[in-house]
Amino acid sequence: VRVAFFWGGVAQVLLRLRPLLLAPPCHAPRLAVDVLCVAITAAGCLNAWWMYKIVGMALRATERRQPSVPPTPQSLGGSAQLVSK
């Protein structure tokens, strides 16, 4: 959800806020506005890259943890004897 809100904010900056800053009465310098928009977009791309790497590492760790042979009670630290009531 956090990523969706962030990219929604990036779209808001690029599509709505940038034209407002460049138009009268603001007349913000184009270079400053463009540098800000590029920095925000680059931060979003870096965030997406990190998320991709984190998910990849988590999936690899899950694959390594799955045993090929079902665990026995002894391997789980339990007793081999069954308790009957």
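K.L.:
I would appreciate a short explanation of the overall build of the protein in the present structure.
P.N.:
Secondary structure summary: the protein contains two helices and zero strands in total. Sorting the 85 residues of the protein into buried and exposed places 8% on the buried side. When the accessible area of the protein is evaluated, it comes to approximately 7400 Å², of which 70% is carbon and sulfur surface.

K.L.:
I'm lost on a nonpolar patch on the surface in this one. Help?
P.N.:
Where nonpolar side chains cluster on the molecular surface, the patch consists of Leu-46, Trp-49, Trp-50, Tyr-52, Ile-54 and Met-57 and spans about 720 Å² of accessible area. Here Met-57 is to be found in helix α2 (residues 30-65). The class for Met-57 is partly exposed, based on a relative accessible area of 48%.

K.L.:
Just to check I follow, could you spell out the pattern of salt bridges for this structure?
P.N.:
Between side chains of opposite charge, pairing is possible as soon as their charged atoms come close. Summed over the entire model, instances satisfying the criterion amount to one salt bridge. Linking Arg-18 and Asp-34 is a salt bridge whose minimum nitrogen-to-oxygen distance equals 2.7 Å. Placement of the pair is Arg-18 in helix α1 (residues 2-22) and Asp-34 in helix α2, with a sequence separation of 16 residues. The class for Arg-18 is partly exposed, based on a relative accessible area of 23%. For Asp-34, a relative accessible area of 25% puts it in the partly exposed group.

K.L.:
Honestly, the packing of aromatic side chains in this entry has me stumped. Any pointers?
P.N.:
Aromatic rings in a pair are described by how distant their centres are and how their planes are angled relative to each other. Overall, the coordinates contain two aromatic pairs when judged by the stated rule. Plain terms: the ring middles of Phe-6 and Trp-7 are 6.0 Å apart, the flat faces sit at 85° to each other, and that makes the pair edge-to-face. In this structure Phe-6 comes out as partly exposed when scored by relative accessible area, which is 30%. Taken together, a centroid distance of 5.6 Å and an interplanar angle of 35° make the contact between Trp-49 and Tyr-52 tilted.

K.L.:
What's the story with unusual backbone geometry in this structure? I'm lost.
P.N.:
Across residues other than glycine, the phi torsion is negative in most instances, and most of the peptide bonds are trans. Geometrically, the link from Pro-24 to Pro-25 is a cis peptide bond, its omega value of 5° lying close to zero. The topology assignment puts Pro-25 in the loop between α1 and α2.

K.L.:
What am I meant to see in α1 here?
P.N.:
Because the α-helix completes a turn every 3.6 residues, residues three or four places apart line up on one side. Under the 1.5 Å per step criterion, the end-to-end length of α1 is 29 Å for 21 residues, consistent within 8% with the ideal 30 Å. Roughly 40° is the biggest bend found in α1, and it falls at Val-13.

K.L.:
What am I meant to see in the environment of Thr-41 here?
P.N.:
Within the secondary structure, Thr-41 is located in helix α2. Apart from residues lying up to four places away in sequence, Thr-41 is in contact with Trp-7, Val-10 and Leu-14.

Reading the values: the criteria
- Residues numbered from 1 in each chain as written.
- Predicted model: local features only at pLDDT ≥ 70, side-chain atom pairs only at ≥ 80, totals over all residues.
- Heavy atoms only, no water.
- Helix = DSSP H or I, 4+ residues; strand = E, 2+ residues; numbered from the N terminus.
- Buried < 20%, exposed > 50% of the residue type's maximum accessible area, 1.4 Å probe, protein only.
- Areas by Shrake-Rupley, 256 points an atom, 1.4 Å probe, with all protein chains shown as cover.
- Patch = residues over 30% accessible without salt bridge, like charges linked within 9 Å, V, L, I, M, F, W, Y side chains within 5 Å.
- Salt bridge = Lys/Arg side-chain N within 4 Å of Asp/Glu carboxyl O.
- Phe/Tyr/Trp six-rings, centres within 6.5 Å; stacked < 30°, edge-to-face > 60°.
- Expected span 1.5 Å × (residues − 1).
- Bend = angle between axes of the 7 residues up to and from the residue.
- Contact = heavy atoms within 4.5 Å.

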